[in-house]
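# Fold and geometry: a report
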Amino acid sequence: MENYFNYFTEIEEHFQRRRGSLLLLSTLDWALIEMWREAGVPLAAVLRGIDAAFDKYESRKSRARVRRVNGLAYCTQEVMTAVEEMKEASVGTSPERSGAEPAPGFEAERIAKHLELCADELLAATLIGIAEEAAHEMSQRLRGLATGVRTAQPNLEELERTLTVLEEKLLATLLATTPEADLTSVREQAARELAPYKRRMQAVRIRQIEQQFLHKRLLEKYRLPRLSLFYMSQS
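Residues numbered from 1 in each chain as written. Predicted model: local features only at pLDDT ≥ 70, side-chain atom pairs only at ≥ 80, totals over all residues. Heavy atoms only, no water.

What follows concerns the pattern of salt bridges. According to the stated counting rule, one finds 13 salt bridges in the structure shown. Salt-bridge contacts for Asp55 lead to Arg18; the nearest nitrogen and oxygen are separated by 2.9 Å. With Asp55 in helix H3 (residues 43-61) and Arg18 in helix H1 (residues 2-19), this pair connects stretches of sequence that are 37 residues apart. Classification of Asp55 as partly exposed rests on a relative accessible area of 43%. (Salt bridge = Lys/Arg side-chain N within 4 Å of Asp/Glu carboxyl O. Helix = DSSP H or I, 4+ residues; strand = E, 2+ residues; numbered from the N terminus. Buried < 20%, exposed > 50% of the residue type's maximum accessible area, 1.4 Å probe, protein only.)

End to end, helix H6 (residues 129-151) covers 34 Å across 23 residues, agreeing with the expected 33 Å (1.5 Å per residue, within 8%). By the burial criterion, the buried members of H6 are Ala131, Ala134, Ala135, Met138, Ser139, Leu142, Leu145, Ala146 and Val149. Contact partners of the buried residues in H6: helix H5 (108-124) and helix H7 (156-177). (Expected span 1.5 Å × (residues − 1). Contact = heavy atoms within 4.5 Å.)

Right, let's get into the nonpolar core. Counting 36 residues, the largest nonpolar core has Ile111, Leu115, Leu127, Leu142, Leu163, Leu174 and Leu224 as the members making the most contacts within it. Looking at this core, the elements that each hand over two or more residues are H5, H6, H7, helix H8 (180-194) and helix H9 (203-221). The biggest single contributor to this core is H6, with 8 residues. Excluding anything up to four places from it in sequence, Leu174 contacts Leu127, Ala131, Leu218, Leu219, Tyr222 and Leu224. Among the nonpolar cores identified, the runner-up in size contains 26 residues, and Tyr7, Ile11, Val83 and Ile206 belong to it. (Core = buried A, V, L, I, M, F, W, Y, C linked by side-chain atoms within 4.5 Å.)

Moving on, we come to the environment of Phe106. Examined against the element boundaries, Phe106 turns out to sit in the loop between helix H4 (76-91) and H5. Classification of Phe106 as buried rests on a relative accessible area of 14%. Spatially, the C-alpha atoms of Phe106 and Leu229 are 8.0 Å apart, while their sequence positions differ by 123 residues.

So, on to the confidence of the model for the protein. Mean pLDDT over the protein: 80, with 81% of residues reaching 70 or higher. Looking over the protein, one finds the lowest element-wise mean pLDDT in helix H2 (residues 27-38), namely 72, and the highest in H6, namely 94. Scored below 50 in pLDDT, residues 93-99 makes 6 contacts in the model with residues more than four places away or belonging to other chains. (pLDDT = per-residue confidence, 0-100.)

Turning to unusual backbone geometry, a few remarks are in order. One non-glycine residue, Arg223, adopts positive backbone phi at about 55°. Take Arg223: it is sitting in the segment after H9.

Okay, the packing of H5 against H6 next. Packing of H5 against H6 brings their axes to within 8 Å, and their N-to-C directions diverge by 165°. With respect to H6, the axis of H5 lies roughly antiparallel. Considering only the axes of H5 and H6, their crossing is left-handed. Each of Ala108, Glu109, Ile111, Ala112, Lys113, Leu115, Glu116, Cys118, Ala119, Asp120, Leu122 and Leu123 in H5 lies in contact with H6, whose residues at this interface are Ala135, His136, Met138, Ser139, Leu142, Arg143, Leu145, Ala146, Val149 and Arg150. Classifying every residue of the contact of H5 with H6 by side-chain character gives 14 nonpolar, 2 polar and 6 charged. (Axes fitted to C-alpha atoms, helices over the stretch in contact; angles between N-to-C directions. Parallel < 35°, antiparallel > 145°, perpendicular 65-115°, else oblique. Left-handed = near helix turned anticlockwise from the far one by under 90°. Nonpolar A, V, L, I, M, F, W, Y, C, P; charged D, E, K, R; others polar.)

In an α-helix, one turn spans 3.6 residues, which is why side chains three or four residues apart end up on the same side. For H8, spanning 15 residues, the distance from its first C-alpha to its last is 21 Å, which sits close to the expected 21 Å at 1.5 Å a residue. Those residues of H8 lying buried are Leu183, Val186, Ala190 and Leu194. Summarising the axial view, the buried residues of H8 lie within an arc of 70°, below the 170-degree limit, and thus occupy one face. Exposed and oriented more than 90 degrees from the buried face of H8 are Ala181 and Arg192. (Arc of directions from axis to C-beta.)

Residue placement: Gln16 occurs in helix H1. Classification of Gln16 as buried rests on a relative accessible area of 12%. Setting aside chain neighbours within four positions, we find Gln16 in contact with Ser21, Leu22 and Leu23.

We now examine the packing of H6 against H7. Put simply, H6 and H7 touch, their axes get as near as 9 Å, and they point 170° apart. As summarised for this structure, H6 and H7 are arranged roughly antiparallel, according to the angle between their axes. Here H6 runs over H7; the crossing is left-handed. Of H7, the residues touching H6 (which contributes Ile130, Ala131, Ala134, Met138, Arg141, Leu142, Leu145 and Val149) are Leu159, Thr162, Leu163, Leu166, Lys169, Leu170, Thr173, Leu174, Ala176 and Thr177. Residue composition of the contact of H6 with H7, by class: 13 nonpolar, 3 polar and 2 charged.

Okay, structure coming up:
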């Protein structure tokens, strides 16, 4: 829960420091933060992008009248630039790559092994009823995807959407088969840990974080993998 909360609050506080005011983030701002977190964007990249956006704004402000930065959307492009720069630095590659080349870290064999590892973990999990059936079906589906990946370089966006749908189906079956007492216990834990911060967060954001916390705990409880490509091992 600390990691969940820190990601949101550190971005909010860093943005407010650079802006020089306690401007409350909008629904769009929180949606952007959630999108970055779900996509696995490192916190350092977001903070670096915010700094770059404000540096650019301040250099322009000294020359002409420009609209004040009122939201994180202004920083989106710089955040994405920071992500690319961090990726290039981590793999030691030039930003100029052939369009046919896979993105660093998303090579076909690495993706196939990730899918096969997830398939193995789904089969090994101790589940009951529809959750067990869903896990077995997804395991077969993931092996089929792994075979396809080795045959031709995959469309990463399409593959990621497929994995997202599979994970959502798995979570739905876990919610349906997990004892209500266990679900209540996890929700109460999330509520307790979020209690000190509720005055600083919108209700919809709190509900989203609580839901993410519940999903994370369910996957941990049954020792199930995260299917997204952003959870691939980097070793």
